[in-house]
Amino acid sequence: MSITMDHLRAVSHNQLSAVFEDLADHALVGMTIVLDTRFLYANQKCCELFGYLEEEFIQLSPFDLVVDTDREMVRNRMNERLSRETTTSEYSFRGVRKDGSIIDLEVRGSTIAIDGRPALATSFVEMTDTRRAIQEREHQRTMAAHIARERDTAQRYLDVAGVMMMVFAADETISLVNRQGCEVLGYRAANELLGRNWIDVFIPAPKRLGMRAAFHSFLDGTTPAVEHFQNEIVTQSGEERIISWHNQLLIDESGKATGILSSGEDITERCRAEESLRISELRFRQIAENLSEVFWITNADKTKVEYISPAYETVWGRTVEEVYERPVAYLEAIVPEDREATERRVKQQAEVGYDVEYRITRPDGATRWIHDRSVAIRDEADCVYRLIGVAEDITERKAAENRLFELAHFDQLTGITNRLYFGEIVDAAIRRKAAGAVILLDLDGFKKVNDSAGHAVGDLLLRATAKRLAEVAPPDATVSRWGGDEFAVFVPEGSTTGSLAEFIGRIREVCAEPFLLPRRKVFLTASIGIARSPDHGSSAAELMAHADLAMYRAKAEQPGTERFFTPGMKEEVQREIDLEAELRRAFANAEFELHYQPQVDLATGCLVGAEALLRWRHPERGLLQPAEFLSVLKPSPVAAAVGDWTIATASAVASRLHRAGRPLRIGVNLFSAQMKAGGLTETIARQLQENELPPELLEIEIADSDVKPAAIPIKHRPPFRYEAGHHSNQRPAGFRH
């Protein structure tokens, strides 16, 4: 605080003497002066500390006031100061009061000179009072910090208001004001306030009358003195502030009140903070107590629960009183399998906040999944002193996650792993450098059963197959439904007691055993393809693709057998892919030709017809026969278009011959793709009409054994005839199989 000499002169000498005497009479420190080991002076507080009257105390030796065990130490400290080894000293000792009771004292002493001789000036403070003062200061600091922290999340600390020192004279003028008082009231210097009426300066107009009456009744003793008081003031800028005052009546030597010495603290922000805190706490409780999540607050090591919301009773099934009394109760509810790992993670991550999931067991025996996360709160020294967290019941979410995992990784019909999860398992084994084999199998004849008996029977058959494969597979093998009627098994190397060939044999055996389905017995075989890791691939996708090639090779060559992948299979497939691409280009570039093979009546030797045969005029390889490309063309997407081109070309040739007077029946071979694509009869009818060709001059031959005349719509059958097994030129025209 800053008080100028001019301000002090404004206070009368008598007022200052009164203040000094009042302070001396109420000094909290015992003081003595010792000369030649005798008390030369002792103040009132010192006499009170030891329980003596002043005249009794002066007659004592300093050592009369020290317990026996501490006398030597006190003597040494006094001698150190007297011998000038040290000029000041601080220590503590146990003193003996007049009534024999023991008090703990803290001593501060220095050496002074009296008439040229060294004397000891000493002050005594009862250590109990010191500790109480320290505790009170710590309590006040804790409360201030608590208010500051709780105000809101954006403001951690509440600015501490300054202290004002003012003297209000009996005539209501301001006779003393310090710098802080000026700053709070909004003035630049004290001379702007000195001599002015304080009530008119900063008391709000509506309250001036009451304040004036209270001030004078306090001075004249009409009302008891009010040492602590708070009221609103108005600053020079018109801002209202709240000040907490500590008042002391000033009395002159005649006993007349001359004014009031007041220290004021601006508590505006604190009051606002307290109101904000009150509202914040109210809102917090309204929110916390209505959340389904468990909101909790503990100390840093979670040995004390400061708050836990009522949702704890719903989630844990236990009372909040229990966890307040025994903070470990919530840990005891964690299932044994999760408890150690949870405690370890909580301790490891407490400094930064943790995020854990664990299971608890409720008193009713139910198991619940908990998602528990915390935030660490730090004090001014950056030390964690509190944890705030939220615990959420995620049992339903976990169940949904498990269900989603099952949907994403397991086949819903058979319950075994699906294609995606199977690939992840194989890839994981490859990353571990674990060798193994991928076995892919296809059920021969399943399609016929599924089409004839229905999908329900087909599903039963697939489930039975999955069950049989799982039963014969080694414990660490993975059985998967690949899709449709295809299954896959991954067998890690060394997982079977016998050889891989023996295991494959068991697969064939269980697939060949009759399947007993409702009202029928079904016999199937399995075509199997095998690819080994790492020889046949460095990824699951590559291994499964190679096993697929081997499986289809087995199915094509001899259903019910197995084939191991060889690089030649891939090369052959690649050749077929390249050839199919060339076939597309060949059709687009008009590289196909029709060659006609004559048909002669053996009885007469007459030419009665011709068969249109497809050839490919390859730009590099020359003329290619059907054997070199037909097997790839027939299943390709371009097959139907090539077949339609063949009908159109043959129809045009037959039409030209007919118009030239050389009617000749021309036969055309169909592709199964034309039958499946639909519109075949419309195509034939259109060619007959456009070329004005009599129907009997166009013969349609169905070469594929799996294509039946039922594939042609009934409404288009009348113009044609279907003749199975032979051709007769006695009939007008038709299909030949």
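Fair warning: this is a prediction, and the values are worked out from it, not measured in the lab. (Residues numbered from 1 in each chain as written. Predicted model: local features only at pLDDT ≥ 70, side-chain atom pairs only at ≥ 80, totals over all residues. Heavy atoms only, no water.)

**Considerations on the sheet that holds strand 21 (residues 525–533)**
Reasoning step 1: The five strands lie next to each other as 17-18-16-21-22, forming an open sheet whose pairing is mixed. Looking at the sheet topology across the chains shown, the edges are occupied by strand 17 (478–483) and strand 22 (562–564). The sheet shows a mean angle of 20° between the axes of neighbouring strands, taken without regard to direction.
Reasoning step 2: Across three bridges, strand 21 lies against strand 22 in parallel orientation. From the neighbouring strand, isoleucine 530 faces strand 22, where its bridge partner is phenylalanine 564.
Reasoning step 3: Packed onto the sheet, helix 16 (residues 419–431) meets strand 16 (436–444), strand 17, strand 18 (486–492) and strand 21 and runs at close to 135° relative to strand 17. (Pairing = 2+ DSSP bridges. Helix = DSSP H or I, 4+ residues; strand = E, 2+ residues; numbered from the N terminus. Axes fitted to C-alpha atoms, helices over the stretch in contact; angles between N-to-C directions. Contact = heavy atoms within 4.5 Å.)

**Looking at the packing of helix 18 (residues 455–472) against helix 19 (residues 500–512)**
Reasoning step 1: Helix 19 packs onto helix 18 with a crossing angle of 150° between their chain directions and a minimal axis gap of 10 Å. Taken together, helix 18 and helix 19 sit at an angle that is classed as roughly antiparallel. Pair helix 18 / helix 19 crosses with right-handed handedness. Contacts between helix 18 and helix 19 involve Arg468, Leu469 and Val472 from the first element and Phe503, Arg506, Ile507 and Val510 from the second.
Reasoning step 2: Looking at the contact of helix 18 with helix 19 residue by residue, the classes come out as five nonpolar, no polar and two charged. (Parallel < 35°, antiparallel > 145°, perpendicular 65-115°, else oblique. Left-handed = near helix turned anticlockwise from the far one by under 90°. Nonpolar A, V, L, I, M, F, W, Y, C, P; charged D, E, K, R; others polar.)

**Some thoughts on the nonpolar core**
Reasoning step 1: Counting residues in each nonpolar core, the largest one holds 34 residues, and the members touching the most others are Leu583, Phe592, Leu614, Trp616, Phe629 and Leu633.
Reasoning step 2: For this core, the element with the most residues is helix 23 (residues 639–659), which contributes seven residues.
Reasoning step 3: If we skip the residues at most four places from it in the chain, phenylalanine 592 touches Leu583, Ala586, Phe587, Leu614, Arg615, Trp616, Phe629, Val642 and Trp645.
Reasoning step 4: Listed in part, the 32 residues of the second largest apolar core include Ala466, Ala473, Val479 and Phe503. (Core = buried A, V, L, I, M, F, W, Y, C linked by side-chain atoms within 4.5 Å. Buried < 20%, exposed > 50% of the residue type's maximum accessible area, 1.4 Å probe, protein only.)

**Points about helix 9 (residues 208–219)**
Reasoning step 1: Here helix 9 spans 17 Å end to end across 12 residues, near enough to the 16 Å set by a 1.5 Å rise per residue.
Reasoning step 2: Along helix 9, the residues that are buried comprise Met211, Phe215, Ser217, Phe218 and Leu219.
Reasoning step 3: Those residues of helix 9 that are buried are in contact with strand 6 (163–169), helix 8 (198–202), strand 8 (228–234), strand 9 (240–251) and strand 10 (257–266).
Reasoning step 4: Phi for glycine 221, located one or two positions after helix 9, is positive at around 80°. (Expected span 1.5 Å × (residues − 1).)

**Examining the pattern of salt bridges**
Opposite charge on two side chains lets them pair, provided their charged atoms get close.
Reasoning step 1: What the rule picks out here adds up to 42 salt bridges.
Reasoning step 2: Taking the shortest distance from any N to any O, the salt bridge between arginine 241 and glutamate 239 comes out at 2.8 Å.
Reasoning step 3: The class of arginine 241 is buried, set by a relative accessible area of 12%.
Reasoning step 4: Owing to a relative accessible area of 36%, glutamate 239 belongs among the partly exposed residues under this scheme.
Reasoning step 5: Linking glutamate 357 and lysine 398 is a salt bridge whose minimum nitrogen-to-oxygen distance equals 2.9 Å. Note that glutamate 357 is positioned in strand 13 (residues 355–361) and lysine 398 in helix 15 (residues 395–409), a separation of 41 residues in sequence.
Reasoning step 6: On the basis of relative accessible area, glutamate 357 is assigned to the partly exposed category, the value being 33%.
Reasoning step 7: Exposure remark for lysine 398: the relative accessible area of 15% places this residue in the buried category.
Reasoning step 8: Where salt bridges share partners, they join Glu239, Arg241, Asp266, Glu269 and Arg272 into one cluster. (Salt bridge = Lys/Arg side-chain N within 4 Å of Asp/Glu carboxyl O.)

**Brief notes about the environment of isoleucine 203**
Reasoning step 1: Relative to the helices and strands, isoleucine 203 resides in the loop between helix 8 and helix 9.
Reasoning step 2: The spatial distance from the C-alpha of isoleucine 203 to the C-alpha of threonine 235 is 8.9 Å, given a sequence separation of 32 residues.
Reasoning step 3: Beyond its immediate stretch of four places on either side in the chain, isoleucine 203 contacts Trp198, Arg208, Met211, Asn231 and Glu232.

**A look at the environment of isoleucine 700**
Reasoning step 1: Relative to the elements of secondary structure, isoleucine 700 occurs in strand 27 (residues 698–702).
Reasoning step 2: The class for isoleucine 700 is buried, based on a relative accessible area of 2%.
Reasoning step 3: Between the alpha carbons of isoleucine 700 and isoleucine 647 there is a distance of 8.6 Å; along the sequence they are 53 residues apart.

**Topic: the environment of lysine 433**
Reasoning step 1: Looking at the secondary structure, you find lysine 433 in the loop between helix 16 and strand 16.
Reasoning step 2: Remark: the alpha-carbon pair of lysine 433 and serine 538, spanning 105 residues in sequence, is separated by 9.9 Å.

**Description of the side chain of threonine 342**
Reasoning step 1: Secondary-structure assignment places threonine 342 in helix 14 (residues 336–349).
Reasoning step 2: Judged by relative accessible area, threonine 342 falls into the buried class, the value being 5%.
Reasoning step 3: What threonine 342 contacts, discounting residues up to four positions off in sequence, is Ile334, Val356 and Tyr358.

**Points about the packing of aromatic side chains**
Reasoning step 1: All told, the structure shown has 22 aromatic pairs when counted by the stated rule.
Reasoning step 2: Ring centres of phenylalanine 168 and tryptophan 245 lie 5.8 Å apart, and the angle between their planes is 75°; on these two criteria the pair is classed as edge-to-face. In this pair, phenylalanine 168 sits in strand 6 while tryptophan 245 sits in strand 9, placing the two residues 77 residues apart along the sequence.
Reasoning step 3: Their ring planes at 80° and their centres at 5.6 Å tell us that phenylalanine 405 and tyrosine 421 sit as a pair that is edge-to-face. (Phe/Tyr/Trp six-rings, centres within 6.5 Å; stacked < 30°, edge-to-face > 60°.)

**Things to note about the confidence of the model for the protein chain**
Low-confidence regions, as indicated by low pLDDT, have predicted coordinates that should not be scrutinised in detail.
Reasoning step 1: Put simply, the protein chain has an average pLDDT of 83, and 86% of its residues get 70 or more.
Reasoning step 2: For the protein chain, the element scoring lowest by mean pLDDT is strand 28 (residues 722–723), at 36; strand 18 scores highest, at 94.
Reasoning step 3: Low pLDDT, under 50, characterises residues 151–161; the stretch is placed with 22 contacts to residues that sit more than four places away or in other chains. (pLDDT = per-residue confidence, 0-100.)

**Here we look at helix 15**
Reasoning step 1: In this model helix 15 runs 21 Å from its N-terminal to its C-terminal C-alpha over 15 residues, within 8% of the 21 Å that 1.5 Å per residue would give.
Reasoning step 2: Regarding helix 15, the residues found buried are Thr395, Lys398 and His409. Seen from one end, helix 15 has its buried residues packed into an arc of 70°, which puts them on one side. Structural note: helix 15 exposes Glu396 and Leu404 on the side pointing more than 90 degrees away from its buried face. (Arc of directions from axis to C-beta.)

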